[in-house]
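Below are the chains, spelled out letter by letter.
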Amino acid sequence: MLAVSAVFLALSIVVLSQGGTLEGGGPIAKAESGRAFALTQRELPQAGGSNLLIVFSSDDLRAADAPFKAALSSALAPLAADPRIAAVRTPYDGGPRADTFISRDGRAALAIASTRDEYRVARDYYPQLRDEVRSDVLRVEVTGNLAITQDFNVILENDLKRAELISLPLALLLLVLVFGSVVAALLPLGVGILAVMGGLAGVFLLSRATDVSQYALNIVTLIGLGVAIDYSLFVVNRFREELARGGSVEDAIATSMRTAGRAVAFSGLTVAIGLSGMLFYQGTFLATMGVAGAIVVALAVLYGLTFLPALLSILGPRVDRLRIPRLGRRGQGNGLWHALASWVMRRPILVLVPVLALIVVVGSPFLQLRLANGDVTMLPRHAESRVAYDTLLARFPGQDQTQVQVVAYFADGRPLAPDRIAALTDLSRGIAALPDVLRVQSAFDLDPGLLGKSALGAGDYQQLYGAPRDLLPAPLREGLRQSVGEHIVVLTALTNQPAASDGARDLVRDIRALPAPAGGELLVTGQTAFDIDVVKFILDDTPAAVAWIMVATYVVLFLLLGSLVLPLKAVLMNLLSISASFGALVFIFQQGHLAEQLNFTAASIDPTLPVIMFCIVFGLSMDYEVLLLSRMQEEYVRTRDNTRSVAQGLERSGRLITGAAAIMVGVFAAFALADVVIIKAIGLGMALAVAIDATLVRALVVPATMRLLGDLNWWAPPPLARAYRRLGLGEALASGAVVPVPVTEAP
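Let me sum up the structure you'll find in this document. Owing to the predicted nature of the structure, the values given are computational and were not obtained by experimental measurement.

1. Structural notes on empty space enclosed by the protein
Here is step 1 of the chain: Going through the model one piece at a time under the given rule, you end up with three cavities of 30 Å³ or more.
Here is step 2 of the chain: Its volume calculated, the largest cavity comes out at about 110 Å³.
Here is step 3 of the chain: What lines the largest cavity is a set of 14 residues, among which Arg238, Ala260, Leu627, Arg631 and Glu634 lie closest to the centre.
Here is step 4 of the chain: Put simply, the parts of the chain that give the lining of the largest cavity at least two residues each are helix H7 (216-244), helix H8 (249-276) and helix H21 (608-639).
Here is step 5 of the chain: Take the lining of the largest cavity: its biggest share by element is five residues, from H8.
Here is step 6 of the chain: For the lining of the largest cavity, a count of residues per class yields six nonpolar, three polar and five charged.
Here is step 7 of the chain: Roughly 50 Å³ of internal volume is contained in the second largest cavity.
Here is step 8 of the chain: Along the walls of the second largest cavity sit Phe366, Leu369, Phe582, Leu585, Val586, Ile605, Leu609 and Pro610, which together make up its complete lining.

2. Quick look at the packing of aromatic side chains
Each pair of aromatic rings is reported with the distance of its centres and the angle of its planes.
Here is step 1 of the chain: Using the criterion set out here, one finds ten aromatic pairs in the structure.
Here is step 2 of the chain: When the centroid spacing of 6.4 Å and the interplanar angle of 90° are considered together, the rings of Tyr303 and Phe307 count as edge-to-face.
Here is step 3 of the chain: For Phe307, a relative accessible area of 15% translates into the label buried.
Here is step 4 of the chain: Aromatic side chains Phe444 and Tyr461 sit 5.8 Å apart centroid to centroid with 75° between the ring planes, which places their arrangement in the edge-to-face category. With Phe444 in the loop between strand E6 (437-441) and helix H15 (458-466) and Tyr461 in helix H15, this pair connects stretches of sequence that are 17 residues apart. By the burial criterion, Phe444 is buried, and Tyr461 matches it.
Here is step 5 of the chain: An aromatic cluster of at least three residues, connected via ring pairs, comprises Phe444, Tyr461 and Tyr465.
Here is step 6 of the chain: Of note, Arg84 hangs over the ring of Tyr125, and the distance from its end group to the ring centre comes to 4.7 Å.

3. Focus: the sheet that holds strand E2 (residues 85-89)
Here is step 1 of the chain: Ordered in space as E2-E3-E1-E4, the four strands form an open sheet in which the pairing is antiparallel. With one partner strand each, in any of the chains shown, E2 and strand E4 (139-143) form the two edges of the open sheet. Taking the axes of each pair of neighbouring strands and ignoring which way they run, one obtains an average angle of 20° across the sheet.
Here is step 2 of the chain: Pairing of E2 with strand E3 (residues 108-115), which is carried by four bridges, proceeds in the antiparallel orientation. Bridging from a neighbouring strand, Arg89 pairs with Ile112 of E3.
Here is step 3 of the chain: Here helix H3 (residues 66-81) sits on the sheet in contact with strand E1 (51-57), E2 and E3, set at roughly 155° to E1.

Rules of the game
Residues numbered from 1 in each chain as written. Predicted model: local features only at pLDDT ≥ 70, side-chain atom pairs only at ≥ 80, totals over all residues. Heavy atoms only, no water. 1 Å grid on protein atoms, 1.4 Å probe; cavity = no way out; pocket = protein on both sides within 12 Å on 5 of 7 lines; lining within 4 Å. Points joined across faces, edges and corners; volume = space filled by probe spheres on them. Helix = DSSP H or I, 4+ residues; strand = E, 2+ residues; numbered from the N terminus. Nonpolar A, V, L, I, M, F, W, Y, C, P; charged D, E, K, R; others polar. Phe/Tyr/Trp six-rings, centres within 6.5 Å; stacked < 30°, edge-to-face > 60°. Buried < 20%, exposed > 50% of the residue type's maximum accessible area, 1.4 Å probe, protein only. Lys NZ or Arg CZ within 6 Å of the ring centre and 35° of its normal. Pairing = 2+ DSSP bridges. Axes fitted to C-alpha atoms, helices over the stretch in contact; angles between N-to-C directions. Contact = heavy atoms within 4.5 Å.

This is the structure in structure tokens:
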């Protein structure tokens, strides 16, 4: 087993050394906005947005000053000469709307460089292009898709390194506190590192077959460290318990695998089921995120049930070497957790009511949830692309306007046929008349002065576009090239409503309600349309995903426990933890509480965040439920006394659950220090969920509800109970149990 693990480790290192390409999020292909975006990419030049938006600024010089112009031209000269650049436009070139290239205060100027290659190609050499633009006179800041993607990649990588540097030593320290032994503490950490390396290798292998999100590395590391350390903690702790009882090494391993190993296998299955919920969101990066997470969980279970027992069989009693005095020692008899469980079960209603009320209050902000796709504001304020973006919005005229692209699609081609020109002209006028539309930019909204007229109608455009394109003025030809394809015509509506605002969303809905030109189809795209379509897509698929996770988890827990009641209770307990963490996310990241302390910009919640959180937290919370209930089940099989089983199960596992939760909270909190907001939110949200789950829910709500339910906890209809026994799923526990005795006698 050790040799096989070494081979897997070597293969993981080889794959990691080769790396891979990870993607950012994109539009949903089958949604209206995704279809329109794909059409513009296919039929119009540079539709992918491979542009560098370069902001030059100075505190002393004005953009109209000769030294400013000279410095700007000098800085752009290497870029203009680069064969990978198709064109460079500056405010000094003239042309339409050149005034928008100068800031309102006159001390900054905008230049736009367009690459010859599409986005997927240009992103690989963007760092080289950025290095070409330098100035000793002016400040230079670059934004745009290429720059934003580069910043996300670099900052996510730095976030991952920081989280690893913090979480690994912190986890080791907490493991030493739990075990009181350095050797025992190193074992779960070693399994965690093996699982994470294998998971990261799996991500890069997956990226060669399909698009994988750039967030996947952080999520896989976060999940992998958490579950691998927890699973190993359960096994090592049970192994040490059995050795302390005087068992041989082989017997200790056998008992550990029959009990803790069984719980780990079922726990891994419940986590994988939670992650499989992301597979319902095909067409988004969530699907591959779920696969990547399942890979690392599978490796955590695999190493925990093969590599770890093999290593324990070699170490034997030496697992307790390098013991820290006064740490990791357990007293004899009943302790704190037994006393807590007994106290709770003597007054279950008194405990349940305030605890449930507290969880409801914490979760209540979730009712105010507002969803919108994340953008550049998820980057920290110091990132160059974020700084340049904020500068454009704050200082340049028109840059704070939202663009809504309207695509008229004609499957048979001929978009500028005479009858269609009239319909498209009417469409443009109809869009311009909608509330909050500042103006429409299209081939049917030309400056009448260009043709020496005071106004232009459909007949003028029919006459104009009926002539050969070569006879049209150069600016008009370029405008047609940028907005008219073989099957499409693009009209752009400008509004001063922010992209994620209700006003912008209402405008998109109003445009979509307009009649399409005869023989054509009307499609709307742009950031606001993406938001509407992604939110609808997520909301449409979420009921099926949630139902699958809950039903599949219920079935797995029945196979573990042989009860119909306990799985239902476990699912409801998980929903409590998740609702509280969701409420905290809205309170912090949407409403902006702690924004200054945590260094982020408050904004609407990315629609993928609740999905990721639910799928991961639902599975991870089940870790403790499986461990706790399986230990209670052992006691119940032995004594047939529900109250005693709950108290003894919590006594045996409470300290371990607290230690495991503290380790997981530490790992997740390290990711909460990330600079990218979505990773910060996932880390903080999961840390809160686990903390609430391991304290309020498992320590208080679970024993209280189990006391109220009594022996009903372990009930199943006779046919199902017989089927459970025939499957032999309870034999592992029964084979190691002593003969039940009356509860009034000492066992």
